[in-house]
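Commentary on secondary and tertiary structure
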Amino acid sequence: MQTPKAVIGVLVLSALLIGGVAYFVVGSGRTSDVAPEPQVAPAATAEALLEAARAAVRSDEPEKGVAVLRSAVGQFPEDPDLRLALAEVLVRTGDYQGATDQFAFVISAGGADAQTLYAAGSVARNAGQPERAVAWLAEASQRAPADPAIALHLGQARLALGETASAKADLLRAATLDEGLAIAWGTLGEIALRENNSGIARDMARRARGLEPTVAAWRVIEARALNRLGAPADALQVLAGVGPDAKASDGVLKTQGESFGLLGRPEEAAALYESVGRDYDAALWFERAGLMGEALAAARRAAEAGDHRANALVERRGP
């Protein structure tokens, strides 16, 4: 089968859905003694149908595009371009399962190149089909072994399935192919943390942070590794560079709290949580610091706000 002209993009519309707005209907005018409809649309007919879908998407009415293309696929069920276009619009509507079904048909018919398999695997992950995602991404990677994006997504898909050794190999290959791929280095750092390889985790996360200094996740991974390596002061310094939008995130607060705890400064961890309105956590840290009055006050605030976890602390420390 000839390689399809239309290939879906990941999370965004491809050039297939960019162009003019012309739309016209092609009538068949067939009678009962005319040969059966072709399974692949003639070029002019396909273009008319695709233009209808483009127009619907540009009008912010992707559901109409889905209707046009479903009808087209019903008439020309073996046309890969129409099925891939339908998959693309289904992704726009959030129907990842439906898009995956369209990809599966094209792939089973032998009409998928590496980029189509890559897109199919990415969509299958969103559809909650990790095994199928890995299979398609692995095939895509075999066909395009020098593509770092495919290697990255394959590694992430394998990691989600718990295939850690294979995932590390794919992620390292992605990072080698594109040394500027921060997410590959950062994910390798997270894996190293899970495996208690703190030095490797620090180095991988530091490399990712150097590439993307505004991404809080890489700072958190590096700081967690530093805490494990007995360098909590360095961890706090790394986390000091976190942007304002991430300062109150669970990962940042928990790691900072661990750093203060390792430094023997639990009252600073308590003050940190108190400053962002996390009164229950503040109460626990105040209690750890031996500041019972502050712990009880924070626990009462948390209980009054509906945090039932604080009730036990109030009962334990209250009059």
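Up top you'll find the structure we're talking about.
Residues numbered from 1 in each chain as written. Predicted model: local features only at pLDDT ≥ 70, side-chain atom pairs only at ≥ 80, totals over all residues. Heavy atoms only, no water.

**Section: the overall build of the chain**
Summing up its helical and strand segments, the chain has 17 helices and zero strands in all. Going through the 319 residues of the chain one by one, you find that 47% of them count as buried. If you take every contact in the chain between residues at least 6 apart in sequence, the share linking residues at least 24 apart comes to 51%. Accessible surface, the chain as shown: approximately 15,400 Å² in total, 53% of it carbon and sulfur. (Helix = DSSP H or I, 4+ residues; strand = E, 2+ residues; numbered from the N terminus. Buried < 20%, exposed > 50% of the residue type's maximum accessible area, 1.4 Å probe, protein only. Contact = heavy atoms within 4.5 Å. Areas by Shrake-Rupley, 256 points an atom, 1.4 Å probe, with all protein chains shown as cover.)

**A short note on the environment of A231**
The topology assignment puts A231 in the loop between helix 11 (216-228) and helix 12 (232-239). Take A231: its relative accessible area is 17%, and that puts it in the buried class. The sequence separation of A231 and L263 amounts to 32 residues, and the corresponding C-alpha distance is 9.1 Å.

**Concerning the environment of Y96**
As for its position among the elements, Y96 is in helix 4 (residues 96-108). A sequence separation of 28 residues divides Y96 from A124, and the C-alpha atoms of the two residues are 7.0 Å apart. Residues contacting Y96, with those up to four places away along its chain left out, are V91, V123, N126 and A127.

**As for the pattern of salt bridges**
Here the structure, examined in full by the defined rule, presents 22 salt bridges. One salt bridge in this structure joins R158 and D170, with 2.6 Å as the shortest N-O distance. Taken together, the positions of R158 in helix 7 (residues 148-160) and D170 in helix 8 (residues 164-177) put the pair 12 residues apart, joining distant regions of the chain. Both residues of the pair, R158 and D170, belong to the buried class. Its salt-bridge partner being E274, residue R301 comes within 2.8 Å of it at the nearest N-O pair. Taken together, the residues span a long stretch of sequence, with R301 in helix 16 (residues 292-304) and E274 in helix 14 (residues 266-275) at a distance of 27 residues. Residue classification places R301 among the partly exposed positions, given a relative accessible area of 33%. (Salt bridge = Lys/Arg side-chain N within 4 Å of Asp/Glu carboxyl O.)

**Observations concerning the nonpolar core**
Core analysis: the biggest nonpolar cluster contains 42 residues, and L69, L82, F103, I107 and W136 have the highest contact counts within it. Looking at this core, the element that brings in the most residues is helix 3 (residues 80-93), giving eight residues. In this view, W136 contacts T100, F103, A104, I107, L117, A120, G121 and A124; residues no more than four positions away in its chain are not counted. Among the nonpolar cores identified, the runner-up in size contains 22 residues, and L171, A182, A208 and I221 belong to it. (Core = buried A, V, L, I, M, F, W, Y, C linked by side-chain atoms within 4.5 Å.)

**Some points on helix 2 (residues 62-75)**
End to end, helix 2 covers 20 Å across 14 residues, agreeing with the expected 20 Å (1.5 Å per residue, within 8%). Within helix 2, the full set of buried residues consists of P62, G65, V66, L69, A72 and V73. One face of helix 2 carries all of its buried residues, which in axial projection span an arc of 130°. Opposite the buried face of helix 2, at more than 90 degrees from it, the exposed residues are E63 and G74. On its buried face, helix 2 is in contact with helix 1 (43-58), helix 3 and helix 4. (Expected span 1.5 Å × (residues − 1). Arc of directions from axis to C-beta.)

**Considerations on helix 13 (residues 250-262)**
The terminal C-alpha atoms of helix 13, which comprises 13 residues, lie 18 Å apart, in line with the 18 Å expected from a rise of 1.5 Å per residue. For helix 13, the full list of buried residues reads V252, L253, T255, Q256, G257, S259, F260 and G261. As for helix 13, its buried residues are in contact with helix 11, helix 12, helix 14 and helix 15 (279-288). Looking at the residues trailing helix 13, positive phi occurs at G264, about 75°.

**Quick look at the side chain of D279**
Examined against the element boundaries, D279 turns out to sit in helix 15. On the basis of relative accessibility, which here comes to 16%, the residue D279 falls in the buried class. Those residues in contact with D279, other than ones at most four positions away along the chain, are E274, A298, R301 and A302.

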